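# Topology and contacts: notes
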Amino acid sequence: MRVLLLGGTAEARQLAGLLVADGHTVITSLAGRTSTPLLPPGEVRIGGFGGVDGLVAYLRDSRVDVLVDATHPFAATMTEHAVAAGRASGVPLKILRRPGWTAGPGDEWHRVASLTAAATLLPRLGRRVFLTTGRQGIAAFAHLDECWFLARSVEPPGTPAPRHLSVLLDRGPFTMDAERRLMLDHRIDVLLTKDSGGSDAKLAAARALTLPVLMINRPPPPPVPLFPTPYAIALALR
Ligand code: NAP
């Protein structure tokens, strides 16, 4: 089958490998947000489609048999477009969505619905913040002069940015020990993150250090069945 795989995540790369090994023709689509993306097996195209209509046209022109959305759980617009384009074109859609995180015994997690709500609550939880919401989220905290931020992202953040900001350009995976060391070295007193799911090394480190976690909830799930792992999707396409 010809599969259009909407990517930009480690799971999408893993899924591309599984599908290529199964003999499918895989075109991974990347938004083009990072300057040096990690490339998956198979073909790759980069850049937006131009909305739902553009995606429908691409599905038709490239004779795509199956559309797979393996974008990040917070890439809600792309997922919304995939659902609409799947309906409009009749091309079947499968969505890979890794499960979110769940607090365990002893965790002090504060869940909020948005970056704005997080910015309101943050100064009450701590002053030395480990920010892992990605560079697009940093602007929401730009007015918090009372906080110091260690922001980790793949690409440098833009503006506006907080006055007291140290940027760490890095890409996972990270180990629990390294995350713990990083938080201790920077005297972090609160972890700010999104409920992305996947590796929970930073959450385990925060737990070990008894730090509070400010967690931004996911956007509402798309109105279609979700596959939790790359293997589940690969199996469904056999
Ligand atoms: P978004 O807000 O949901 O999408 C905005 C627009 O970007 C879409 O309408 C589409 O443009 C284009 N786009 C997004 N993903 C695309 C893809 N895989 N291929 C082609 N075009 C794509 O997306 P976002 O949150 O900015 O995320 C962009 C990419 O980064 C996604 O692929 C996602 O998997 C990855 N990512 C996101 C996050 C996050 O926290 N949001 C974290 C890690 C990785 P058109 O309307 O022109 O088609």
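For the structure, check the block above.
As a starting point, this report considers the structure included with it. Bear in mind the structure is a predicted one, so any value in this text is a computation, not a measurement.

## A closer look at unusual backbone geometry
Trans is the prevailing form of peptide bonds, just as negative phi is the prevailing case for residues other than glycine. Note the cis peptide between threonine 159 and proline 160, where omega equals 0 degrees. By the element assignment, proline 160 lies in the loop between strand 8 (148-153) and strand 9 (165-169). Here the residue pair glycine 172 and proline 173 is connected by a cis peptide bond, since its omega of 5 degrees sits within 30 degrees of zero. Along the chain, the position of proline 173 falls in the loop between strand 9 and helix 5 (176-185). With a phi angle near 50 degrees, arginine 63 is a residue other than glycine that sits in the positive phi range. With respect to the helices and strands, arginine 63 occurs in the loop between helix 2 (51-61) and strand 4 (66-69).

## Some thoughts on the packing of helix 5 against helix 6 (residues 201-208)
Close contact between helix 5 and helix 6 brings their axes to 8 Å; oriented N to C, the two are set at 55 degrees. On the basis of the axis angle, helix 5 is oblique to helix 6. Seen from above, helix 5 lies across helix 6 with right-handed handedness. Seen from helix 5, the contacting residues are Met176, Glu179, Arg180 and Met183; seen from helix 6, they are Ala201, Lys202, Ala204, Ala205, Ala206 and Ala208. Here the residues of the contact of helix 5 with helix 6 sort into seven nonpolar, no polar and three charged.

## Section: the nonpolar core
The nonpolar side chains of a soluble globular protein tend to be buried with one another. Formed by 18 residues in total, the largest nonpolar core has its most connected members in Leu122, Phe141, Phe149, Leu192 and Leu214. Broken down by secondary-structure element, the contributors of at least two residues to this core are helix 4 (115-125), strand 7 (128-131), strand 8, strand 10 (190-194) and strand 11 (213-216). Top contributing element to this core by residue count: helix 4, with five residues. Contact partners of leucine 122, with chain neighbours within four places excluded, come to Val129, Phe141, Leu144, Phe149, Val190, Leu192 and Leu214.

What counts as what
Residues numbered from 1 in each chain as written. Predicted model: local features only at pLDDT ≥ 70, side-chain atom pairs only at ≥ 80, totals over all residues. Heavy atoms only, no water. Helix = DSSP H or I, 4+ residues; strand = E, 2+ residues; numbered from the N terminus. Axes fitted to C-alpha atoms, helices over the stretch in contact; angles between N-to-C directions. Parallel < 35°, antiparallel > 145°, perpendicular 65-115°, else oblique. Left-handed = near helix turned anticlockwise from the far one by under 90°. Contact = heavy atoms within 4.5 Å. Nonpolar A, V, L, I, M, F, W, Y, C, P; charged D, E, K, R; others polar. Core = buried A, V, L, I, M, F, W, Y, C linked by side-chain atoms within 4.5 Å. Buried < 20%, exposed > 50% of the residue type's maximum accessible area, 1.4 Å probe, protein only.

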